[in-house]
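# Structure assessment
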Amino acid sequence: MGRSELTFISGGARSGKSAWAEHLVLTQAEHPVYLATASVTDAEMEARISKHREDRNSRFRLIEEQTDLIKALPKQGAVLLDCLTIWTANLLYQQHNSEHDVIDAVKALLDEARRRELMLTIVSNDVNESVLPRAEEVHRYVRVLEAAHWQLVKRADHVYQVQAGMPVCWKGSPL
């Protein structure tokens, strides 16, 4: 069978984390799966998703799934999950899951990826690097996302933070 490897990549908005993650995953497999969690919500998002689809073209096998990521995982190979930030929001606000249920979903995804011996790379945004608005719902979302990040950091083989297109390895040997 294959080898299981979990890589977590975080960074701020437009930091270059997705581009770097794509480059990394393409070194792991010839046609890895790109598991996209975003959905079209407005004209800007439609344009961004369209551009991403064009950029990925034939290099990736695209799977778009907003909530049930375990169902969408392939049986083997390399997978790029982009992104945890949107998936977390989808679970909280589309499906109205509790904070606990979202963290359980993250744990279940990681367990299943290990069971299938996938090379899973997960991208997420650093959303707590500035002063948050007073809105309780913003604090709830950040609390859940940070709890998910803690799970990933604890269980990942490699952890990176990308700033201005430059990856910094915080855990594991640099890839």
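Below you will find a few notes about this structure. Since this is a predicted model, take the numbers as computed values, not measurements.

Using the criterion set out here, one finds one cavity of 30 Å³ or more in the structure. Estimates place the volume of the largest cavity at around 40 Å³. Among the elements of the structure, strand 1 (5–11) and helix 5 (99–115) are those that each provide at least two residues to the lining of the largest cavity. Grouping the amino acids of the lining of the largest cavity by side-chain chemistry returns five nonpolar, one polar and two charged.

Here the focus is the packing of aromatic side chains. Counting across every chain of the model gives three aromatic pairs. Each ring, one from Tyr34 and one from Phe60, has its centre 5.2 Å from the other, and the planes form 90°; the classification is edge-to-face. Of the two residues, Tyr34 is situated in strand 2 (residues 33–36) and Phe60 in the loop between helix 2 (43–56) and strand 3 (61–64); the sequence distance between them amounts to 26 residues. As far as the burial class goes, Tyr34 and Phe60 line up, both buried.

Turning our eyes to something else, we now look at unusual backbone geometry. In this model, Asp82 is joined to Cys83 through a cis peptide bond whose omega is 10°. Among the structural elements, Cys83 can be located in the loop between strand 4 (78–82) and helix 4 (84–94). The backbone phi angle of Glu117 is positive, close to 60°, even though this residue is not glycine. You can see Glu117 is positioned in the loop between helix 5 and strand 5 (119–125). Of note, the phi angle at Ala164 is positive, near 50°, even though the residue is not glycine. The class for Ala164 is exposed, based on a relative accessible area of 76%.

We now examine the environment of Val142. Relative to the elements of secondary structure, Val142 occurs in helix 6 (residues 136–155). It is 9.5 Å that separates the C-alpha atoms of Val142 and Thr85, two residues lying 57 residues apart in sequence.

What follows covers the sheet that holds strand 2. One open sheet accounts for seven strands, arranged 3-2-4-5-1-6-7; its pairing is mixed. If you trace the sheet from one side to the other, it starts and ends with strand 3 and strand 7 (166–171), each paired once. Ignoring which end each strand starts from, the neighbouring axes of this sheet average 20° apart. Here strand 4 runs beside strand 5; their pairing, made up of five bridges, is parallel. Counted as the bridge partner of Leu81 is Ile122 from strand 5.

Relative to the helices and strands, Asn125 is located in strand 5. According to the relative accessible area criterion, Asn125 is buried, its value standing at 18%. Within the structure, the side chain of Asn125 is placed 2.7 Å from the side chain of Lys17, a separation counted as a polar contact. Discounting residues that sit within four places of it in the chain, Asn125 has contacts with Gly11, Gly12, Ala13, Lys17, Cys83, Thr85, Leu145 and His149.

The rules behind these values
- Residues numbered from 1 in each chain as written.
- Predicted model: local features only at pLDDT ≥ 70, side-chain atom pairs only at ≥ 80, totals over all residues.
- Heavy atoms only, no water.
- 1 Å grid on protein atoms, 1.4 Å probe; cavity = no way out; pocket = protein on both sides within 12 Å on 5 of 7 lines; lining within 4 Å.
- Points joined across faces, edges and corners; volume = space filled by probe spheres on them.
- Helix = DSSP H or I, 4+ residues; strand = E, 2+ residues; numbered from the N terminus.
- Nonpolar A, V, L, I, M, F, W, Y, C, P; charged D, E, K, R; others polar.
- Phe/Tyr/Trp six-rings, centres within 6.5 Å; stacked < 30°, edge-to-face > 60°.
- Buried < 20%, exposed > 50% of the residue type's maximum accessible area, 1.4 Å probe, protein only.
- Pairing = 2+ DSSP bridges.
- Axes fitted to C-alpha atoms, helices over the stretch in contact; angles between N-to-C directions.
- Polar contact = N/O pair within 3.5 Å; in protein donor to acceptor, adjacent residues only side chain to side chain.
- Contact = heavy atoms within 4.5 Å.

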